[in-house]
Amino acid sequence: MIKRDVWDKIPIEKATKKPIGNRWIFEIKRDGRNRARLVGKGYSQIPGVDFTDNFAPVVHDSTLRLVLVLWLVLELSVVQVDVETAFLEGILDEDEVVYMDYPKGMKQKEGYCLRLKKTLYGLVQAARGFWKRFVSVVTNEDLSLIHISEPTRLL
C-alpha cells in the first residue's frame, strides 16, 4: 500500500468528513498462496457527501456470449488478461475526498487518519475509479501504469 502510494497521513482536525473504517480479508488461494486484502467499509459512505457518481460499465452476459461466438466462428486468437490490484490503481476525483481509519496492525500516530489518493476495495466509487484509470491508460497506450499479470492463452 505504501509502495503504491494509496494514502497520505493527515491530522484528524484537517479531515472534513468522518473517516470510514476498514478490514483485512485473508484468503488461501487454490495454489496454496496466502492473500491479504484491505477492504474499506464503503457501506458507511453517504451519497452526495462521500461520493457523487459510482457508475462503471459492466459487460452483459448476452454481449459476452456474442463475442465468444464470433471468436469461434472467425477462429480468432483470444488472450485473457488479469489486472493485479485493479482497484488500487483507480483514480479518485478531486472533489471525492475519502478519509479512512488506520488499518489494524499498522503503527499509527495519535490524532491522525489516512486520506485516500486511490480507490480501495469496498469503496462505492472503486469500480468507477478503476474504469477511469483503465480508459486513461488505453487512450494513452501507456500500459506501464497498470501492473498486468501474465496473459493466459485460451484454446
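Residues numbered from 1 in each chain as written. Predicted model: local features only at pLDDT ≥ 70, side-chain atom pairs only at ≥ 80, totals over all residues. Heavy atoms only, no water.

A. The pairing of strand 3 (residues 34-40), seen in detail. Direction of pairing for strand 2 (residues 22-28) relative to strand 3: antiparallel, over a ladder of seven bridges. Counterpart to I25 in the pairing with strand 3 is R37. Connecting strand 2 to the antiparallel partner strand 3 that follows it, the hairpin turn spans five residues, and G32 within it adopts a positive phi of roughly 95 degrees. (Pairing = 2+ DSSP bridges. Helix = DSSP H or I, 4+ residues; strand = E, 2+ residues; numbered from the N terminus.)

B. Seen up close, the sheet that holds strand 6 (residues 112-116). Sheet architecture is open: three strands sit in the order 1-6-5, paired in antiparallel fashion. Across the chains shown, the open sheet's two edge strands, defined by having one partner strand only, are strand 1 (7-11) and strand 5 (99-100). In the sheet, strand 5 pairs with strand 6 via two bridges, with the strands oriented antiparallel. Residue pairing in the sheet places Y99 in a bridge with R115 of strand 6.

C. Structural context of the side chain of E96. The topology assignment puts E96 in the loop between strand 4 (78-80) and strand 5. Nearest to the buried, unbridged E96 among oppositely charged side chains is K132, at 4.8 Å. Leaving out residues up to four positions away in the same chain, E96 has contacts with D50, F51, T52, D53 and Q125. (Buried < 20%, exposed > 50% of the residue type's maximum accessible area, 1.4 Å probe, protein only. Lys, Arg positive; Asp, Glu negative; His and termini not counted. Salt bridge = Lys/Arg side-chain N within 4 Å of Asp/Glu carboxyl O. Contact = heavy atoms within 4.5 Å.)

D. Structural detail: the confidence of the model for the chain. Of all residues in the chain, 88% attain a pLDDT of 70 or more, and the chain-wide mean is 81. At the low end of the mean pLDDT range in the chain sits strand 7 (residues 152-154), at 53; at the high end sits strand 2, at 91. (pLDDT = per-residue confidence, 0-100.)

E. Here's a closer look at the environment of R128. Looking at where R128 falls in the secondary structure, it is placed in helix 2 (residues 126-140). Linking R128 and I91, residues 37 residues apart in sequence, is a C-alpha distance of 8.3 Å. Other than its neighbours up to four places away in sequence, R128 contacts D53, N54, F55 and A56.

F. Region of interest: the side chain of T119. Take T119: it is sitting in the loop between strand 6 and helix 2. Residue T119 is classed as buried on the basis of its relative accessible area of 0%. If we skip the residues at most four places from it in the chain, T119 touches F87, L88, G90, I91, L92, Q125, A126 and G129.

G. Main features of the packing of aromatic side chains. According to the stated counting rule, one finds one aromatic pair in the structure shown. Judged by centre distance (6.4 Å) and plane angle (20 degrees), the rings of W24 and F26 are stacked. A relative accessible area of 30% places W24 in the partly exposed class. Positioned above the aromatic ring of Y121, the side-chain terminus of R37 is 4.9 Å from the ring centre. (Phe/Tyr/Trp six-rings, centres within 6.5 Å; stacked < 30°, edge-to-face > 60°. Lys NZ or Arg CZ within 6 Å of the ring centre and 35° of its normal.)

H. Representation of the pattern of salt bridges. Taken as a whole and judged by the stated rule, the model has four salt bridges. For E27, the salt bridge is made with R37, and the minimal N-O distance between the two is 2.8 Å. Within this pair, whereas E27 is found in strand 2, its partner R37 is found in strand 3, the two being separated by ten residues in sequence. Judged by relative accessible area, which is 31%, E27 ranks as partly exposed. Judged by relative accessible area, R37 falls into the partly exposed class, the value being 22%. Here D31 and R33 are joined by a salt bridge, their closest N and O atoms 2.8 Å apart.

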